[in-house]
Amino acid sequence: MRIPLSWMREWVDLPVDATLDHVHAALVKVGLEEEDVHEFGVSGPIVVGTVVEFVEEPQSNGKTIRWCQVDVGEGEPRGIVCGAGNFFVGDKVVVTLPGAMLPGPFPIAARKTYGHVSDGMIASTKELGLGEEHDGILRLAEWDIDAAPGTDALALLGLDDAAVEVNVTPDRGYAFSIRGIAREYSHATGAAFRDPAQGVAVEDGTGFSVAVSDDAPIRGRVGCSVFVTRTVRGIDPTRPTPAWMRARLMLAGIRSISLTVDITNYVMLELGQPLHGYDLAKLTGGITVRRATAGEKLRTLDDQERTLDAEDLLITDESGPIGLAGVMGGASTEISDSTVDVLIEAANFDPVSIARSARRHRLPSEASRRFERGVDPLVARAAAARVVELLVELGGGAPDPLGSVLDETAPRASIALSVDAPAKLVGVDYGRDTVIETLRTIGAEVEGDGDQLAVTPPTWRPDLTDAPTLIEEVARIAGYDRIPSVLPVAPPGRGLSRAQRLRRQAAQGLADAGGVEVLAYPFVSRTTHERFTPGTPAVTVANALDAEVPLLRRTLLPGLIDIARRNLGRGLTDLALFEVGTVFLPEAAEAGATTTTPAGAERPTDDVLAELDAAIPPQSWRVAALALGDAVAKQPGSAAVPAGIADALDAARVTARSVGVELTVTAGTHPALHPGRTAILLVGGEPVGVAGELLPAIAAELDLPRVVALAELDLDRLIAAGDSDLVARPIGTRSAATQDLSLVVDRHIAAADVLTVVAEGAGELLEHIRLVDDYRGPGVDDGRKSLTFALRVRAADRTLTAAEATEAKLAGVALASERFGATL
Amino acid sequence: MSDPSPITEQAVAQAVEAALADISAAGDSAALKAARSAHTAEHSPLAKLNGAIRDLPGDQKAAAGKLVGQARGRVNQALAAQEGVVLVAEENARLESEAVDVTAVPSRRTVGARHPLSLLMERMSDVFLGMGWEVAEGPELEHEWFNFDALNTDPDHPARSEQDTFYIEPTSSHLVLRTQTSPVQIRSLLTRDLPVYVVSPGRVFRKDELDATHTPVFHQLEGIAIDKGLTMAHLRGTLEHLARAMFGEGAQIRLRPNFFPFTEPSAEMDVWQPNAKGGARWVEWGGCGMVNRNVLRSAGIDPDEYQGFAFGMGIERTLQFRNEMNDMRDMVEGDIRFSQQFGMVV
């Protein structure tokens, strides 16, 4: 809402020197957030001038300019070059003199042009920022303005005014009016407020037939509760909108259209009541407010033919629909530049009905914005009367008795409020008098002698519905700055949950190990989904921002790949990325979905809550890592180490270690990974993840290097598998013996399997075993390989002899040779 | 008449002199080893003289023994002394040869970086953990009841429109990508014992195109405290505590009236950022208020017995004004340079 200060000043005592900042600061205090300021950006000297004479001078570029002598009240006229041809000798015009500033900013100076020194400029409406007209300069006679040459045109045209803009929260529709803002300014500062609705002499019309016939109320609310009409006849359609009204409308963000339309907009801005004018001559019979029938058509004022929905509320006459109630009028009864008789509508419509229609037809209008938030039902008659007043005063029309008053507004019930309730909720002891006084200040009626008050909110405050809403008013008007600061003492907590702590550790571990954490969007394309998780159901976003990526991810890998591509595109070629994030794992399309939603404000039963939870697809925490380029860059004295499956496995192991789990690794497959370089990661024999290298064909298609190492782990399962109650082993302090062991086995046998068997055979003396070499070549038969293990054996209670150590090793050899045909 | 004794003072002195000369000339371990061998080993002059003692008449043995013994002592002493000198010199030479350019030593491990949004969420959560609050979590893909209805959001509230909220197919399933972490508050109230003091950090979704100031996927930290006798003063106290932990002791909280369906009274909160780069300033930080009675009723809590407050702030927004970031896209694109400049600390 934009509020010209001159307009506000009419209804509340603004200090003479009030600045835009002052008004903003006052309004912010009562909850109207500062949005912007609006000024014409025009400064003087800009004065009225009389064209004394002019000579037309054709130019070589085909234009004809006028060399004018203009009297600006200085005795001698000034010579001014003007390119427009729409004025006559004797016309009063607006002259911007050297030193003036027009919006742009466009400074005016005496300058040489077309062979003359132009000592100023004759301005058009557009140049002054008062409209879009650009067919020549502004002739003041057209705006019914006559003033002596030299008169300050800024004040004359309202160009010295400025507006503040505030953001109006959805609960306070009344603040979409000068009336509401002036009242709020008064609340903020104590300045005297005069209600513009009280100043209007209300007269009601009769004899115009209006009926409301809502056979399908939305959410049980009849669409229209108030419908007031008034008539003015004999308006002179040539009368201009006065400059002051035009300036105020401009500042308020509304374009001037015609006097009649401008007046309805002006009164709407002042009182908050949307108004509509019909060309009475184009109306057929009386008005019925009803719901549309599906498929019915209406051509609206913006000349769009709209197909209506059965929920749309219509204004109709005997010809059919003539307006989309509370949203936009119809073209068939539109006020034109020949309209002389006008029927004014001031109605009140159900906010939900209007909001739905405005949204459905994508037609947010000044009217719908107000109705959605709630309009004072009592202001309709005053608003209609005010329009009549202005049409008579400015348009030369005559009031006509034809009209109607339909008012089905239910009286407001009072709200019970304990005098001490504000103190109990806000923490400030306001006292009985302040509570009552504040509520009366905002327009409520307060009754009750004791501690229990009965508060009837004002008609313009549909948002005040229960005690806390009244308490907010008390706190708001008294000022939120009065609320003290008290730190509450929570009962002792237990810190992070185990899962929360371990998720942090996993992320920290991967970062310590060189990974850079990223947070990818969870949206993926169907192609990506099929590539990484073929044949699985996915959650589909019904209204995706980008229709190309409508699915929710089942894996973090594509997100990492996208981010890697972006980094590569920016010349960052060595990458180690990781993400800790959630995936969405619907088990089957819509299994267990419920289609009902319980109401708010009451606790659903446990069964219903369980049903809601069952309808939500499982979501699980994952960790994924990606590496490409060099894992270790080339440096003095050391060669580069290219990234590969080793980095994927390392990331997986780091993650597992970070959450207290050991992974075992086995060869496997994954639809998007290299068939010979894919490891399935297991805990307790159950798969918990995968590590490997991206299928080179995919890498090529995505312009990635051939080797992209990828790993992904189910973090929830990993954490669940961890042993939080480890029984610590005693640490043996006796001397250890180390033994190396080389075994030759068939190449297809996994080294990890051999290691496991050697360890099993070596028995409990074996403390540690590690693969140190995998040799294939001369000295080893084709199809075989030599695996070298380093063993460390130790007994808890004695120093082992060399013979005992060798015996343990040979036991391992024996088992390996039995299982795999391993030879020494 | 026997032969004159070969163990003359002159002979001993000669042998000692020759030995000492060689020893002091030995500049490295090898030369020293040669000198040791030449002057103390089996066939060295002093060894020979020593051997000759045994052939002397009994009455001369003692004097000769003393003479040769002292000589050998001097030589051994000189050897030991020179050995010390040589070893030090040799070690020094070795150290010198081992010197490297410490500014060019290869790095075996690189350290990565956490995402600053994650770190900020953890840091803010830690402030509450320190006060005894707990961290609550809930699903990102949520049922509409938890995201809207239970939070007193009218069925026709504009936030529920398809322009603002991501809905899931089929829309009759009433599933949404949560638009706030507040559904976690409802879940906490439904499942935890009262009193409840929890914060819920996490990812939320709104249908905004990505630009310098918007992202459809962002993060929030919300908190809720429900107890007996909590007031807006406790709300302010809690926020001020957080503000001081995050922005320094001089931080303050300013509340301005606002409207949210799930709180009444409601407030917009500004934080006084005392150490802002461009000078201390007020910055819009988030929304808050006293939990609406209907929200408590949705969780089966008697609003006449329990009341409390809730608040929420954007993590991206916090990072933006705290670290003077102009473009939201830097936070979501995953450019490693962005996280790397923060490293492990936010």
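As the structure is a computational prediction, the values presented were derived from the model and not from experiment.

Some words on the overall build of chain B
Broken down by element type, chain B carries 12 helices and nine strands. Here the C-alpha atoms of chain B give a radius of gyration of 43 Å, more than 25% beyond the 20 Å that 2.2 N^0.38 yields for 346 residues. Dimensions of chain B along its principal axes, counting C-alpha atoms only, are 140 × 45 × 45 Å. Within the span of chain B, comprising 346 residues, buried residues form 53% of the whole. When contacts within chain B are restricted to residue pairs at least 6 apart in sequence, long-range pairs at least 24 apart make up 67% of them. Working note: accessible area of chain B is about 15100 Å², and carbon and sulfur atoms make up 50% of it. Looking at chain B, you have 33 positive and 48 negative side-chain charges, and the mean spots of the two groups are 5 Å apart.

Structural notes on the interface of chain A and chain B
In this assembly, 100 residues from chain A lie in contact with 104 residues from chain B. Interface area for chain A against chain B, summed over the two sides, is near 8400 Å², with a carbon-plus-sulfur share of 57%. The shortest N-O distance in the salt bridge between glutamate 134 of chain B and arginine 494 of chain A comes to 3.1 Å. Counting across the interface, chain A meets chain B through 53 residue pairs in polar contact (both at pLDDT 80 or more). Considering every element that reaches the side of chain A that touches chain B, the biggest residue donor is helix 13 (residues 498–512) of chain A, with seven residues. Here the residues of the side of chain A that touches chain B sort into 53 nonpolar, 23 polar and 24 charged.

Let's talk about the sheet that holds strand 1 (residues 2–4) of chain A
Two strands in a sheet stick together by hydrogen bonds in their backbones, pointing the same way (parallel) or opposite ways (antiparallel). All names here are of chain A. Taken in spatial order, the three strands of this open sheet run 1-12-2, and their pairing is antiparallel. Strands at the two margins of the open sheet, each flanked by one partner only, are strand 1 and strand 2 (33–39). In this sheet, adjacent strand axes meet at a mean angle of 25° when their direction is disregarded. Looking at chain direction, strand 1 and strand 12 (residues 162–167) are connected through three bridges and run antiparallel. Opposite proline 4, over in strand 12, you have alanine 163 as the bridge partner. Contacts from helix 2 (residues 20–29) reach strand 2 and strand 12 within the one sheet, and its direction differs from that of strand 12 by about 25°. On top of the sheet, helix 5 (residues 243–252) reaches strand 1, strand 2 and strand 12; it is set at about 150° to strand 1, its chief contact.

Some remarks on the packing of aromatic side chains
Inspection of the entire model under this criterion finds 19 aromatic pairs over all chains. Arranged with centres 5.5 Å apart and planes meeting at 50°, the rings of phenylalanine 523 of chain A and phenylalanine 166 of chain B form a pair that is tilted. Taken as a pair, phenylalanine 523 of chain A in strand 29 (residues 523–524) and phenylalanine 166 of chain B in the loop between helix 6 (144–147) and strand 3 (175–177) lie in two separate chains rather than in one. The same class applies to phenylalanine 523 of chain A and to phenylalanine 166 of chain B, which are both buried. Taken together, the ring pairs in this structure connect Phe128, Trp133, Tyr197, Phe309 and Phe311 of chain B into an aromatic cluster. The ring of tryptophan 282 of chain B carries the charged tip of arginine 254 of chain B above its face, separated from the ring centre by 4.5 Å.

With respect to the pairing of strand 6 (residues 252–260) of chain B
In the case of a regular strand, side chains alternate between the two sheet surfaces. Residues and elements named next belong to chain B. Bridge count between strand 6 and strand 7 (residues 263–273): eight bridges; the pairing is antiparallel. Note that in strand 7 the partner of isoleucine 253 across the bridge is valine 271. Between strand 6 and the antiparallel strand that follows it, strand 7, lie two residues.

Brief notes about the nonpolar core
Judged by nonpolar contacts, the single largest core of 74 residues is most densely connected at Leu439 of chain A together with Trp133, Trp285 and Phe311 of chain B. Discounting residues that sit within four places of it in the chain, leucine 439 of chain A has contacts with Leu417, Ala444, Val446, Val455, Leu470, Glu473 and Val474 of chain A.

Points about empty space enclosed by the protein
All names here are of chain A. Evaluated as defined, the whole model comprises five cavities of 30 Å³ or more. Surrounding the largest cavity, 15 residues form its lining, Tyr174, Ser177, Leu271, Gly272 and Asp376 being those nearest its centre. Take the lining of the largest cavity: its biggest share by element is three residues, from helix 4 (residues 178–189). Taken together, the residues of the lining of the largest cavity sort by class into five nonpolar, six polar and four charged. For the second largest cavity, the calculated volume is near 50 Å³.

Things to note about the environment of aspartate 208 of chain B
Here aspartate 208 of chain B is to be found in the loop between strand 4 (196–205) and strand 5 (217–227). What makes aspartate 208 of chain B partly exposed here is its relative accessible area of 29%. Taking the C-alpha atoms as reference points, aspartate 208 of chain B and serine 298 of chain B, separated by 90 residues in sequence, lie 29 Å from one another. In this view, aspartate 208 of chain B contacts Leu545 of chain A together with His214, Thr215 and Pro216 of chain B; residues no more than four positions away in its chain are not counted.

Describing the environment of arginine 281 of chain B
Residues and elements named next belong to chain B. Checked against the element boundaries, arginine 281 lands in strand 8 (residues 281–291). Placed 30 residues apart in sequence, arginine 281 and alanine 251 show a C-alpha to C-alpha distance of 9.8 Å. Those residues in contact with arginine 281 that sit more than four places away from it in its chain are Val271, Trp272, Gln273, Ala276, Phe321 and Glu324. Separated by 3.0 Å, the side chain of arginine 281 and the backbone oxygen of phenylalanine 321 make a polar contact.

Topic: helix 12 (residues 467–478) of chain A
Residues and elements named next belong to chain A. Compared with an ideal rise of 1.5 Å per residue, which puts 12 residues at 16 Å, helix 12 spans 17 Å between its outermost C-alpha atoms and is within 8% of the ideal. Where burial is concerned, most of helix 12 is hidden: 10 out of the 12 residues are buried. Within helix 12, the full set of buried residues consists of Pro468, Thr469, Leu470, Ile471, Glu472, Glu473, Val474, Ala475, Arg476 and Ile477. Glycine 479 sits one or two positions beyond helix 12 and adopts a positive phi of about 105°.

Some thoughts on a negative patch on the surface
Residue and element names in this part refer to chain A. A contiguous patch of negative charge on the surface is contributed by Asp21, Glu34, Glu35 and Asp36. With three residues, strand 2 is the single largest residue contributor to the negative patch. When its relative accessible area of 37% is taken as the criterion, aspartate 36 is described as partly exposed.

Conventions adopted
- Residues numbered from 1 in each chain as written.
- Chains lettered and ligands numbered in written order.
- Predicted model: local features only at pLDDT ≥ 70, side-chain atom pairs only at ≥ 80, totals over all residues.
- Heavy atoms only, no water.
- Helix = DSSP H or I, 4+ residues; strand = E, 2+ residues; numbered from the N terminus.
- Rg over C-alpha atoms; globule rule 2.2 N^0.38 Å.
- Buried < 20%, exposed > 50% of the residue type's maximum accessible area, 1.4 Å probe, protein only.
- Contact = heavy atoms within 4.5 Å.
- Areas by Shrake-Rupley, 256 points an atom, 1.4 Å probe, with all protein chains shown as cover.
- Lys, Arg positive; Asp, Glu negative; His and termini not counted.
- Charge placed at Lys NZ, Arg CZ, Asp CG, Glu CD.
- Buried area = accessible area lost by both parts, 1.4 Å probe.
- Salt bridge = Lys/Arg side-chain N within 4 Å of Asp/Glu carboxyl O.
- Polar contact = N/O pair within 3.5 Å; in protein donor to acceptor, adjacent residues only side chain to side chain.
- Nonpolar A, V, L, I, M, F, W, Y, C, P; charged D, E, K, R; others polar.
- Pairing = 2+ DSSP bridges.
- Axes fitted to C-alpha atoms, helices over the stretch in contact; angles between N-to-C directions.
- Phe/Tyr/Trp six-rings, centres within 6.5 Å; stacked < 30°, edge-to-face > 60°.
- Lys NZ or Arg CZ within 6 Å of the ring centre and 35° of its normal.
- Core = buried A, V, L, I, M, F, W, Y, C linked by side-chain atoms within 4.5 Å.
- 1 Å grid on protein atoms, 1.4 Å probe; cavity = no way out; pocket = protein on both sides within 12 Å on 5 of 7 lines; lining within 4 Å.
- Points joined across faces, edges and corners; volume = space filled by probe spheres on them.
- Expected span 1.5 Å × (residues − 1).
- Patch = residues over 30% accessible without salt bridge, like charges linked within 9 Å, V, L, I, M, F, W, Y side chains within 5 Å.

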